[in-house]
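Residue strings, one per chain:
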Amino acid sequence: MKAIHKIIIIGGIVAAPALTSCDGAGQGTTGDNVISFAELNASRAYILEGSAEDFMRNSDLVCYDSVSMMIPTAIKGLNISELQDSILSAAFDTISGDHTAAMNRYLDAQASNMGYTAKAISRDSVAINLYEADGYTLITGEVVSMTGAMLTYSVTNSSYSPGAAHGMTHRLYLNFSLSDGKVIKLGDLFTADGLKALPGVIQSQADKMTSTLGITSITELPAYDNFFITAAGDIVFAFQPYEVASYAQGEVKVPFYAYELAQYMTPYGLKIFNMQGIEGL
């Protein structure tokens, strides 16, 4: 059974979700007032056969991989294939109409890429959880915020390779306009000249936040067009660990009120933030 979360939109306000379930890959009721999500969940535990000697251990290493995501299946009658494809690409580096198959291929690849024969084991047969595993890959996907006009989604990949100094976490954001049914990119919001100016603008803002962000070195826009729009309508540029700062500083997020960037925006960007006619700010 696959759980489907349905949310009814009443007068532009998001009502509390009701949990139902059905079979299949996210098939549910659609309509102009319905937003629904399907759960995508799986976990694997496996032994890396022959790894004990390489890692000077008494037994072979055990790894644990899991996926826990909420995939949108219907949003107010809009065509959401672009959003679904973007989520699958961010999570599994692929596009597929079969979300479960894409997830399973990704999990299978994690095991085969370790360089050892991976022997699947039942989590119930060994004392294993995330904190006892020698290596792991965790994929999560969730809604960051949702208003009557915008849905912001994040995909997080946390991983640790056996023997590494530390794990790594990357978080990618997607912004889906409920007004016109498209995934919004920085190039949609900002002019070509604006995109060139933004790295310096972001660095200046980060400099003002040194006491909380630490020292940063921002010379380019975030990799993968990584930004998100908050429920309050602010714009936040998000940089991965190591991208513009030390690993210890983690994800570096630099926020702006939308009006602070109005002079760099396209007419479409101004429309998204309800700021038509104020390009001169």
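Not measured: the values here are computed from a predicted model. Along each chain, residues carry numbers from 1 onward, in the same order as the chain's sequence is written. Reporting of local features is limited, given that this is a predicted model, to residues whose pLDDT is at least 70; pairs of side-chain atoms are given and counted only at 80 or more, and all residues count toward the totals for whole chains, interfaces and linings. Side-chain calculation: all heavy atoms of the structure are included, whereas hydrogens and water are not.

Peer 1: Could you clarify how one ought to interpret the confidence of the model for the protein in this entry?
Peer 2: Should the pLDDT be low somewhere, the predicted coordinates at that spot are not to be read in detail. Looking at the protein as a whole, its pLDDT mean stands at 84, while 84% of the residues score no less than 70. Here residues 7-29 scores under 50 on pLDDT; set against residues more than four positions off or in separate chains, the count is 50 contacts. On a range of 0 to 100, pLDDT expresses the predictor's confidence in each residue. Whether two residues are in contact is decided by their heavy atoms, any of which lying within 4.5 Å being enough.

Peer 1: Explain unusual backbone geometry to me, please; I cannot follow it from the model alone.
Peer 2: Peptide bonds are, in most cases, trans, and in most cases residues other than glycine have a negative phi. With a phi close to 80 degrees, Tyr-242 is a non-glycine residue in the positive phi region. Runs of H or I in DSSP of at least four residues are treated as helices and runs of E of at least two as strands, each being numbered from the N terminus. For Tyr-242, the location among the structural elements is in the loop between strand E12 (235-239) and strand E13 (252-256).

Peer 1: Looking at this model, I keep getting lost on the nonpolar core. Mind explaining?
Peer 2: A general feature of soluble globular proteins is that nonpolar side chains tend to end up buried together. Among buried residues, those of type Ala, Val, Leu, Ile, Met, Phe, Trp, Tyr and Cys that are joined through side-chain atoms within 4.5 Å constitute a nonpolar core. The rule is simple: take the accessible area with a 1.4 Å probe, protein chains only, and divide by the maximum for that residue type; under 20% is buried, over 50% is exposed, in between is partly exposed. Core analysis: the biggest nonpolar cluster contains 30 residues, and Phe-190, Ile-235, Phe-237, Val-254, Leu-261 and Met-265 have the highest contact counts within it. When residues of this core are traced back to their parent elements, those giving at least two are helix H4 (186-189), helix H5 (192-208), strand E11 (227-229), E12 and E13. Top element by residues in this core is H5. It accounts for 4 residues. Excluding anything up to four places from it in sequence, Leu-261 contacts Phe-190, Leu-198, Val-201, Ile-235, Phe-237 and Phe-256. Judged by nonpolar contacts, the second largest core, of 27 residues, contains Ile-87, Val-155, Leu-174 and Val-183.

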